[in-house]
Amino acid sequence: MSLLTRKHKRRGAFLAVILIALAAATFLMLRAFNENLLFYFLPTQVKEGQAPKNHDFRMGGLVLKGSIKKDGLTVHFEVTDLHNSIPVVYKGILPDLFHENRGVIVEGRMTGPDLFTADQVLAKHDAKYQPPEMTPAMKKYMQTH
Amino acid sequence: MIRKFSSPKTFYPLAGKLMPWFFWTFAVLGLVGLYWGLVLAPVDAVQGQSYRIMYVHVPAAWMSMMIYTSMTAAAITALVWRTKVAEYWLLCSPGLGASFTFITLVTGSLWGKPMWGTYWVWDARLTSELVLLFIYFAILAMKSAVPDRRKAARVMAMITVVGFVNIPIIKFSVDWWTTLHQGDSIFRKGGPSIAPAMLVPLFMMALSFTSYYFWLVLKHIRTMIERKPV
């Protein structure tokens, strides 16, 4: 008996139609939800007024080099997306991965024309894993890849 | 070919021959990979020792998606050709899939606390992986809700096929949306961003987990064939 008799073709076609319809529905749904699926806004988007004004939101980017100032538990730093940066004030304990030039996500709200007050600071990892004692040759390999 | 390999008469002895290979791959690579990953591999420049949880987290996450993909292939085969072995495959996989998904979520959460500063966030990657766990639960619920094994497999196959849309969403969530979870370290443009000394044991663990799954599935299917003689 052949692999695809009429019966099998009919079942297969039925399944294919359902799958295509399902994929299309999912695609449209995801497109509609797209904005809500953004976990954070970039400083440029915040400056352009895309972030919500009346409730808390998250802002993500890199910690601007040389911007970290600590005063007891209160920390001042700037979040940058390399085009714009916004100063942030936060009171609390920072995660281990919080460093200059590393990814960060802050949760809170704008409390001034140019000040973001954060209730929570999350560090974002950059998907790189490497030992600290890498040789220059290996470093070059990692940078070009 | 599908007909031949999914006939219990061909499958039973073939599975019997393959099982020891899967078992020993699982055992040997698992032990070597675990020792290499947890002891021999260098510390990470940024994360220190904590990154080693990756050797369980990443293979478990791959398995959660791989098992689902294999179930989808089995589901299509079961729906179109009504073959018994595909149905058996479908009946014995969701429990394992749910377990690996659970391990992924728990190890990820424990890793997230020291590194990100939180156990859980509702970003697209974490949420879609949680949805996968619920889909596995739905499939498992159908298995216990329908008493007849063949009918249960049909219902499970339909849910499996529908739920497959979630798999590309999990995989590409980190590219499509901004997430707290970092992007892919391995299947990315320009090759892996993991140092080779850390990558080799990771692949060993992935191969070990995969073999573990195949070993268990084959064992399960053979038992099912024995229980109901063909």
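No experiment lies behind these values; they were computed from the predicted model shown.

1. Section: the overall build of chain A
Right, on to step 1. Counting its regular elements, chain A contains three helices and six strands.
Right, on to step 2. Shown N-terminal to C-terminal, the secondary structure of chain A runs as helices and strands in the order α-α-β-β-β-β-β-β-α.
Right, on to step 3. Residues counted as buried form 26% of the 145 residues belonging to chain A.
Right, on to step 4. For chain A, restricting intrachain contacts to residue pairs at least 6 apart in sequence, the fraction spanning at least 24 positions comes to 44%.

2. Side note on the overall build of chain B
Right, on to step 1. Helices and strands together make up the secondary structure of chain B, namely nine helices and zero strands.
Right, on to step 2. For 230 residues, the compact-globule estimate of 2.2 N^0.38 gives 17 Å, and the C-alpha radius of gyration of chain B, at 19 Å, lies within 12% of that figure.
Right, on to step 3. Once the C-alpha set of chain B is aligned to its principal axes, its extents read approximately 60 × 35 × 30 Å.
Right, on to step 4. Counting only residues that meet the buried cut, chain B has 41% of its 230 residues in that class.
Right, on to step 5. Pairs at least 24 apart in sequence give 77% of the contacts found in chain B among residues at least 6 apart.

3. A few points about the nonpolar core
Right, on to step 1. Formed by 55 residues in total, the largest nonpolar core has its most connected members in Ala75(B), Ala78(B), Trp89(B) and Leu90(B).
Right, on to step 2. Of all the secondary-structure elements, those providing two or more residues to this core are α2 (8-40), α3 (54-81), α4 (84-92), α5 (94-116), α6 (124-145), α7 (149-163), α8 (166-176) and α9 (196-227) of chain B.
Right, on to step 3. The biggest single contributor to this core is α3(B), with 16 residues.
Right, on to step 4. Setting aside its immediate chain neighbours within four residues, Ala75(B) contacts Leu90(B), Ala157(B), Thr160(B) and Val161(B).
Right, on to step 5. Phe41(A), Phe57(A), Tyr90(A) and Val106(A) belong to the second largest nonpolar core, which has 35 residues in total.

4. A closer look at the domain arrangement of chain A
Right, on to step 1. Segmenting chain A into domains produces domain 1 (1-37) and domain 2 (43-123).
Right, on to step 2. With centres defined by C-alpha atoms, the gap from domain 1 of chain A to domain 2 of chain A works out at 43 Å.

5. Describing the interface of chain B and chain A
For interface size, the figure often reported is the accessible area lost on association.
Right, on to step 1. Residue-level contacts link 37 residues of chain B with 32 residues of chain A.
Right, on to step 2. Mapped by element, the contributors of at least two residues to the side of chain B that touches chain A are α1 (2-5), α3, α5, α7 and α9 of chain B.
Right, on to step 3. For the side of chain B that touches chain A, the element with the most residues is α3(B), which contributes four residues.
Right, on to step 4. When its residues are assigned to classes, the side of chain B that touches chain A shows 23 nonpolar, ten polar and four charged.

6. So, the packing of α3(B) against α8(B)
All names here are of chain B.
Right, on to step 1. As a packed pair, α3 and α8 sit with axes 10 Å apart at the nearest point and diverge in direction by 150°. In terms of orientation, α3 and α8 fall into the roughly antiparallel class. Read as a crossing pair, α3 and α8 show a hand that is left-handed. Facing α3, whose interface residues are Met65, Tyr68 and Thr69, α8 presents Ile167, Ile170 and Lys171.

7. Some words on the confidence of the model for chain B
Residue and element names in this part refer to chain B.
Right, on to step 1. Across chain B, the average pLDDT comes to 92, with 97% of residues at 70 or higher.
Right, on to step 2. Taken element by element, the predicted model of chain B shows its lowest mean pLDDT in α1 (66) and its highest in α3 (96).
Right, on to step 3. Interface confidence in the predicted complex, given as ipTM, is 0.72; pTM for the same model is 0.86.

8. As for unusual backbone geometry
Right, on to step 1. Residue Leu82(A) is not a glycine yet carries a positive backbone phi of 80°.
Right, on to step 2. With respect to the helices, strands and loops of the structure, Leu82(A) is situated in the loop between β3 (74-80) and β4 (85-91).
Right, on to step 3. Classification of Leu82(A) by C-beta neighbours within 10 Å gives exposed; the count is 11.
Right, on to step 4. Located in the positive-phi region is Arg82(B), a residue other than glycine, with phi close to 55°.

9. Thoughts on the pairing of β3(A)
Residue and element names in this part refer to chain A.
Right, on to step 1. Strand direction decides the pairing type here: strand β1 (residues 57-63) and β3, joined by two bridges, are antiparallel. Looking at β3, one finds that Leu62 is bridged to Thr80.
Right, on to step 2. Two elements, strand β2 (residues 69-71) and β3, share three bridges in a ladder whose sense is antiparallel. Note that in β3 the partner of Lys70 across the bridge is Val75.
Right, on to step 3. Hairpin connection between β2 and β3: a loop of two residues separates the two successive antiparallel strands, and Gly72 in this loop has a positive phi of roughly 65°.

10. Regarding α3(B)
Residues and elements named next belong to chain B.
Right, on to step 1. With 28 residues, α3 extends 40 Å from end C-alpha to end C-alpha; this agrees with the ideal 40 Å at 1.5 Å per step.
Right, on to step 2. With 20 of 28 residues buried, α3 is to be regarded as a mostly interior element.
Right, on to step 3. Immediately downstream of α3, the backbone of Arg82 shows phi near 55°, a positive value.

11. Some details on the environment of Trp176(B)
Right, on to step 1. Structurally, Trp176(B) can be placed in helix α8.
Right, on to step 2. Taking the C-alpha atoms as reference points, Trp176(B) and Ala124(B), separated by 52 residues in sequence, lie 9.1 Å from one another.

Parameters at a glance
Residues numbered from 1 in each chain as written. Chains lettered and ligands numbered in written order. Predicted model: local features only at pLDDT ≥ 70, side-chain atom pairs only at ≥ 80, totals over all residues. Helix = DSSP H or I, 4+ residues; strand = E, 2+ residues; numbered from the N terminus. Buried ≥ 20, exposed ≤ 12 C-beta atoms within 10 Å, placed from the backbone. Contact = placed C-beta atoms within 7 Å. Rg over C-alpha atoms; globule rule 2.2 N^0.38 Å. Core = buried A, V, L, I, M, F, W, Y, C linked by C-beta atoms within 7 Å. Domains from an automatic or database assignment. Nonpolar A, V, L, I, M, F, W, Y, C, P; charged D, E, K, R; others polar. Axes fitted to C-alpha atoms, helices over the stretch in contact; angles between N-to-C directions. Parallel < 35°, antiparallel > 145°, perpendicular 65-115°, else oblique. Left-handed = near helix turned anticlockwise from the far one by under 90°. pLDDT = per-residue confidence, 0-100. Pairing = 2+ DSSP bridges. Expected span 1.5 Å × (residues − 1).

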